[in-house]
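# Descriptive analysis of the structure
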Amino acid sequence: MTKKILRNEAFQSLFASLICIVLGVLIGYIVLLFINPTGAGEAIMEVLKNFLHYSKTNLQIKNFGNTLVKTAPLLMCSLSILFAYKVGLFNIGAAGQYCVGICASIYCAVALGLGWLPCLIIAAVCGALYGAIVGLLKSYCNVNEVISGIMLNWIALYTTNMILNTVKESTSPYTFHLNTHGEQAMLPGLGMDKIFAGNQYVTLALPLAVLTAVLIYVVLEKTKFGYELKATGYNKNAAKYCGMAEKRNIIVTLMISGAIAALGASFMYLTDYEQWSCTSSAVPAMGFNGIAAAFLGGLNPIGTIFSSYFIQHITNGGAYVDKTVYCSQISDLISAIIIYLCGFVFFIKYTMNNILDKQEEKQALKAKEAAETQEGGDK
Amino acid sequence: MLLLIQYTLIFASVLALVALGGCFAEHSGVINLGLEGIMVIGALGGALMMRYAPDGIGAFPLIMLVIIAAIVFGVFYSSLLGVACINFKANQTIVGTALNMLGTAAATVIVKAINTAANPDDVSSTIQYVDEKKSFLVNIGGFEFNWFMLIAALGVVAAYVILYKTKFGLRLMACGEHPQAADSVGINVYKMRWAGVLISGLFGGLGGICYILSGVSEWKFENGVAGFGFLALAVMIFGQWKPTRIAMAALIFGFFRALSNVFFGFPFLVALNIPGSIYNMMPYVICLIVLAFTSKKSRAPKAEGIPYDKGQR
């Protein structure tokens, strides 16, 4: 019975992810020990505790809400990467598509004064078109999607800075607050702020993100469309041979992937939780953290929900370390280590199966021997 | 105009060095997407050396020490890629990306820890090297010659000789084209791939320190190296994995990168009244266009990106 569980693909993925998390946190702890041994244990606990840092329940719930607010866009980014990865594409351009989503949603909300639904739709369309560039370059010009994705990330960053420069405050590099300049575009709260101790940033975004995860699971696992996409990922030539439009599949995949990432940006910036700084010198880390979440979730849309929360949990937790000794980037370090370790997941699973195989062989041998001695005794 | 040439040459040096690193790794059969992270760590090594080198040790020893530190850091860091991708057959894309994120995060944490330990109020991730930087520069009639320009030129020559004129280089390339065939004639593919990865770490580290010494005299490690590792990969593809062509490609890309630094020095460009952001994105746009036209007939090493498995036919 235990064997069956150990053989289970889902269990193995979960087990491997847990190993990655434990090792990642452990290495983070060792790094903290090197910086200053006296407070290291406390610091790593702060990272892991995050909102439990506060003693009042009210504050805990409110800060739990803050973590969730940022989990929604992270989940979308990791779903975007996961979806493309299932089709054999590594969409590192999700960070740029996210950036385009920010640009579209803020511009539509503040400059054009559109409502939240048109804002979401326009952001998704812009993200899809931006993703399509990667897809077109990949399928028609054979450009490696990682390199074109990175180039487009930088182009998106500078374009966003340039366009949003028209809707920024005159005294600071930040764009206007939505609650003063684009209230109609703010995502509806659905009364969720009352659950989260008056945290007005918890909105429709959260259930929508979870819904997207379920939707992607269904599309990938239960539909012909998803099957065709995955087949293209496994073997492009075989897919072509079977009559699938492999070029179109690649482009469509990256369009969907781009749309998801861009929607993630709207989920964040249409809550007014953050404003865009028009002097940004790097694309938001959200797209890259999405890679960590996608792989930590075992490349399963449902697993990604939990891994996204975990990554965001420690990222937020980094803010609570004692800043006179340590720095909050320790959580970035831990996430990066976790992705690195995710590279070994294949090896972990291989070793597990190997050990199980050997045990089974031994048992089979023993059973055989036992049977033989039994036979011998009878004679 | 002189300034434009100067910046073009220094950025081209960075790109050429890093692209050569990528070239060695790919010829051995490993795609090194972690070049960006290797650059950051190499730059960290060099910057720390500049910070801790004793005062007044003279220009030449300082240059040597900084270069050695950058190379040691770069090679050490690239071994993380080697372990995962060669021995454990991990996915090279994921590990490369992880190394990029890890590089920036680790450098930020380390530099902040050092800064905070020295002065509790200092929580920046910046290292300054105003005086040390002067050792790397020679002023020739208004043109600031940087020793790295020479190093990059030597690197190109060395890479050409090693790859095409030595037994080692030809064996290395064989491992990237058809590892099974290479193995069958007694070449240790794993060793060759390790060599390729470590050499890419060497060049990556050099490129990293060269990058942070290119324009400014202090570096904020939170910023990383602004996609130069990936630009270098584009240079490598445009250069068709050949050292001499890589040098040419690096000059072209370096020119466009330099333009964004010095465009305000040209009255006719300022008169066009194009926002600075356009110049900033220029190298990346050019890169995409160039890639679109050159990738179709690219001559990439055939076995790159596929982990070598002895048991596989």
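Here we summarise the structure given alongside this text. (Residues numbered from 1 in each chain as written. Chains lettered and ligands numbered in written order. Predicted model: local features only at pLDDT ≥ 70, side-chain atom pairs only at ≥ 80, totals over all residues. Heavy atoms only, no water.)

### A short note on a nonpolar patch on the surface
The following threshold applies: Each patch is built from residues lacking any salt bridge and having more than 30% relative accessible area; the joining distance is 9 Å for like charges and 5 Å for nonpolar side chains (Val, Leu, Ile, Met, Phe, Trp, Tyr). Per-residue and other accessible areas follow the Shrake-Rupley method at a 1.4 Å probe size, with only the shown protein chains counted as cover for residues. By convention in these notes, a salt bridge is any Lys or Arg side-chain nitrogen within 4 Å of a carboxyl oxygen on Asp or Glu. A run of H or I in DSSP becomes a helix once it reaches four residues, and a run of E becomes a strand once it reaches two; helices and strands are each numbered from the N terminus.
A cluster of nonpolar side chains, Leu23, Leu26, Ile27, Ile30 and Phe34 of chain A, forms an exposed patch at the surface whose accessible area comes to about 470 Å². Within the secondary structure, Leu23 of chain A is located in helix α2 (residues 9–35).

### Digging into the pairing of strand β2 (residues 137–140) of chain B
The side chains of a regular strand alternate between the sheet's two faces. Residue and element names in this part refer to chain B. Note the following rule: Strand pairing is assigned whenever DSSP detects at least two bridges linking the two strands.
In the sheet, β2 pairs with strand β3 (residues 143–146) via four bridges, with the strands oriented antiparallel. Paired with Asn139 across the strands is Glu144, a residue of β3. Hairpin remark: β2 followed by β3, antiparallel, with two residues in the connecting loop; positive phi at Gly141, about 55 degrees.

### With respect to the environment of Pro243 of chain B
Residues and elements named next belong to chain B. Put simply, the rule is: Each residue is assigned to one of three classes by its accessible area relative to the maximum for its type, calculated with a 1.4 Å probe on protein chains only: buried under 20%, partly exposed between the two thresholds, exposed over 50%. The contact definition used throughout considers only heavy atoms, calling two residues in contact when any of these lie within 4.5 Å.
Tracing the chain through its elements places Pro243 in helix α11 (residues 243–262). Given the relative accessible area of 0%, Pro243 is considered buried. Discounting residues that sit within four places of it in the chain, Pro243 has contacts with Leu20, Val156, Ala159, Tyr160, Leu163 and Tyr164.

### Here's the deal with the side chain of Asn63 of chain A
All names here are of chain A. By the secondary structure assignment, Asn63 is in helix α4 (residues 57–86). By relative accessible area, which is 13% here, Asn63 ends up buried. Beyond its immediate chain neighbours, meaning those up to four positions away, Asn63 contacts Phe51, Tyr54 and Tyr320.

### Concerning the interface of chain A and chain B
Going by this rule: Here the buried area means the combined drop in accessible surface, using a 1.4 Å probe, for two parts upon being joined, counting both sides. Two N or O atoms form a polar contact when they lie within 3.5 Å of each other; inside protein one atom must be a possible hydrogen donor and the other a possible acceptor, and for residues adjacent in sequence the pair counts only when both atoms belong to side chains. For this scheme, ten residues count as nonpolar: Ala, Val, Leu, Ile, Met, Phe, Trp, Tyr, Cys and Pro. Four count as charged, namely Asp, Glu, Lys and Arg, and the remainder, Gly too, count as polar.
Counting residues at the interface gives 41 residues for chain A, matched by 46 residues for chain B. In this assembly, chain A packs against chain B so that about 3,800 Å² is buried in total across both faces, 80% of it on carbon and sulfur atoms. Remark: the boundary between chain A and chain B carries zero salt bridges. Here chain A and chain B share three residue pairs in polar contact (both at pLDDT 80 or more) between them. Contributions of two or more residues to the side of chain A that touches chain B are made by α2, α6 (116–141), α7 (145–164), α14 (286–296) and α16 (330–342) of chain A. By residue number, the principal contributor to the side of chain A that touches chain B is α7 of chain A, which donates eleven residues. Taken together, the residues of the side of chain A that touches chain B break down into 31 nonpolar, eight polar and two charged.

### Some points on the packing of aromatic side chains
Operational definition: Centres within 6.5 Å make a pair out of two Phe, Tyr or Trp rings, where for Trp the six-membered ring is used; the pair is then stacked when the planes are under 30 degrees apart, edge-to-face when over 60, and tilted otherwise. Any Lys NZ or Arg CZ that is within 6 Å of a ring centre and within 35 degrees of that ring's normal is treated as a charge sitting over the ring.
For the structure on display, the rule yields 22 aromatic pairs over all chains. Judged by centre distance (5.5 Å) and plane angle (70 degrees), the rings of Tyr340 of chain A and Phe344 of chain A are edge-to-face. Both residues of the pair, Tyr340 of chain A and Phe344 of chain A, belong to the buried class. A cation over a ring is seen here: Arg257 of chain B above Phe11 of chain B, with NZ or CZ 4.6 Å from the ring centre.

### Details of the state of the cysteines
Operational definition: The disulfide definition used here is simple: a pair of cysteine sulfur atoms within 2.5 Å.
Counted by the stated rule, this structure contains zero disulfides over all chains. Sulfur of Cys77 of chain A: no disulfide; nearest cysteine sulfur belongs to Cys99 of chain A and is 11 Å away. For Cys77 of chain A, a relative accessible area of 0% puts it in the buried group. With no disulfide of its own, Cys287 of chain B lies closest to Cys141 of chain A among cysteine sulfurs, the gap being 13 Å. Residue classification places Cys287 of chain B among the buried residues on the basis of a relative accessible area of 0%.

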